[in-house]
Amino acid sequence: MREESLSREVRYGKQDIAELESASIQVHLIYKKAAELFKRTVYSRSVKDDLAEVNMYPMNSDGPKSAPAVLQKWIQTSRGWKCIGCELRQPESTMSQMEEATHGKRLMLDVGEGRLAQAEMLIQAVVWSQYEKIRMFAPWLGDEPFYSVQELDVIARYIVPTYFSERPLHEQGKVLKIHQQYGQIPLYQEYVDAPSCCVQVDGALLEGRLLTGVYVSEEQFFGLNPYLKDGDGGRTYMQASVQ
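Given the structure is predicted, the values throughout are model-derived calculations rather than measurements.

Engineer: Account for the packing of aromatic side chains, with residues named and values stated.
Structural biologist: Inspection of every chain in the model, using the stated rule, returns five aromatic pairs. On the numbers, 5.5 Å between centres and 70 degrees between planes, the contact of tryptophan 74 with tyrosine 158 is edge-to-face. With tryptophan 74 in strand β4 (residues 69-77) and tyrosine 158 in helix α5 (residues 149-158), the pair connects residues that are 84 residues apart, well separated along the chain. This pair shows no difference in class: tryptophan 74 is buried, exactly as tyrosine 158 is. When the centroid spacing of 4.8 Å and the interplanar angle of 75 degrees are considered together, the rings of phenylalanine 146 and tyrosine 147 count as edge-to-face. Residue phenylalanine 146 is classed as partly exposed on the basis of its relative accessible area, which comes to 27%. The residue whose ring lies beneath lysine 33 is phenylalanine 146, and the NZ or CZ to ring-centre distance is 5.1 Å.

Engineer: If you had to explain the environment of glutamate 9 to someone new, which residues and values would you point to?
Structural biologist: Along the chain, glutamate 9 turns up in strand β1 (residues 3-12). Judged by its relative accessible area of 48%, glutamate 9 falls in the partly exposed class. Separated by 232 residues in the primary sequence, glutamate 9 and serine 241 place their C-alpha atoms 6.2 Å from one another. Those residues in contact with glutamate 9 that lie beyond four places of it in its chain are Gln239 and Ser241.

Engineer: Break down the packing of helix α4 (residues 119-137) against α5 for me, citing the residues and quoting the values.
Structural biologist: Closest axis-to-axis distance for the α4/α5 pair is 11 Å, and the angle between their directions is 120 degrees. Relative to α5, α4 is oriented oblique. As for the relative orientation of α4 and α5, their crossing is left-handed in sense. Contacts between α4 and α5 pair Val127, Trp128, Tyr131, Ile134 and Arg135 from the former with Leu152, Asp153, Ile155 and Ala156 from the latter. Residue composition of the contact of α4 with α5, grouped by class: seven nonpolar, no polar and two charged.

Engineer: Kindly report on the sheet that holds strand β9 (residues 162-163), identifying the contributing residues and their values.
Structural biologist: Spatially, β9-β11-β10 is the arrangement adopted by the three strands of the open sheet, whose pairing is antiparallel. Single-partner strands in this sheet number two, and they are β9 and β10 (176-179). With four bridges connecting them, β10 and strand β11 (residues 187-190) associate as antiparallel partners. By the bridge assignment for β11, isoleucine 178 is matched with tyrosine 188.

Engineer: Residues and numbers for the pairing of strand β14 (residues 220-229), please.
Structural biologist: In this sheet, β14 lies alongside strand β13 (residues 204-217) in antiparallel orientation, the contact comprising nine bridges. Bridged to leucine 211 within β14 is tyrosine 227. Taken together, β13 and the strand that follows it, β14, pair antiparallel across an intervening segment of two residues, in which glutamate 218 is found at a positive phi of about 55 degrees. Where β14 lies against strand β15 (residues 235-242), three bridges are found, and the strand directions are antiparallel.

Engineer: Tell me about the nonpolar core, and name the residues and values.
Structural biologist: Within the largest apolar cluster, 43 residues are counted, with the highest numbers of intra-cluster contacts made by Val27, Trp74, Val127, Tyr147, Ile155, Val199 and Met238. Ranked by the residues each element gives to this core, the list is headed by helix α1 (residues 14-41), at nine residues. Contacts of tyrosine 147, omitting those with residues within four sequence positions, involve Ile30, Lys33, Ala34, Val127, Gln130, Ile134, Leu152 and Ile155. Core analysis: the next-biggest nonpolar cluster, separate from the first, contains 10 residues, Val160, Tyr215, Tyr227 and Tyr237 among them.

Engineer: Please provide a residue-by-residue account of the environment of arginine 79, values included.
Structural biologist: Within the element layout of this structure, arginine 79 appears in the loop between β4 and β5 (80-90). Given the relative accessible area of 55%, arginine 79 is considered exposed. Separated by 79 residues in the primary sequence, arginine 79 and tyrosine 158 place their C-alpha atoms 9.6 Å from one another.

Procedures and definitions
- Residues numbered from 1 in each chain as written.
- Predicted model: local features only at pLDDT ≥ 70, side-chain atom pairs only at ≥ 80, totals over all residues.
- Heavy atoms only, no water.
- Phe/Tyr/Trp six-rings, centres within 6.5 Å; stacked < 30°, edge-to-face > 60°.
- Helix = DSSP H or I, 4+ residues; strand = E, 2+ residues; numbered from the N terminus.
- Buried < 20%, exposed > 50% of the residue type's maximum accessible area, 1.4 Å probe, protein only.
- Lys NZ or Arg CZ within 6 Å of the ring centre and 35° of its normal.
- Contact = heavy atoms within 4.5 Å.
- Axes fitted to C-alpha atoms, helices over the stretch in contact; angles between N-to-C directions.
- Parallel < 35°, antiparallel > 145°, perpendicular 65-115°, else oblique.
- Left-handed = near helix turned anticlockwise from the far one by under 90°.
- Nonpolar A, V, L, I, M, F, W, Y, C, P; charged D, E, K, R; others polar.
- Pairing = 2+ DSSP bridges.
- Core = buried A, V, L, I, M, F, W, Y, C linked by side-chain atoms within 4.5 Å.

As structure tokens, then:
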């Protein structure tokens, strides 16, 4: 996947930045909670080990060391900010810059029979499945469902529905996007249309969709990194500024 960086700025209002800072941490904690439950309940040793990596944040006396950097992917829609997933990459060595850390190794899960799944999208689908079941069976779950009322509201407001089958989205009449790279199991997500964007790159006009990357690590917000995603999946990163 092509990745480039530009000095061009994308402006955000103070309210948008404040909302993304708060929402990204809440979503991050929900991901971690689901990953921990999944790690305890699956039977495959390889899945357990891989999920342990997802949720592991090595520490020393000086603070974090080689901590995974999470790049959450957000889109601003007419219904507000939506998180379509995240990318968690294990850094190959200790790096001081959050952007550098995201260029490490992607984490994949072996879900059996030689099938692989991107860890982060799998967790997204697990979270949404839990959300729908809790909402459906709320009258019989008592006062202590897995997610709190506040967490359920965060999932409903920010996390884009993601399924292991296309059937629910077809039944709801929604446009879907299939996440499936070679050798991986497919996951189906409600399609969220990102705003159009054009930038000049090497004298040529590059068109694509504008997404907002939000860096989170150690349960802390580390800033925004907007990027244009073109039709081939390439990314052109830009600078975020406050207006």
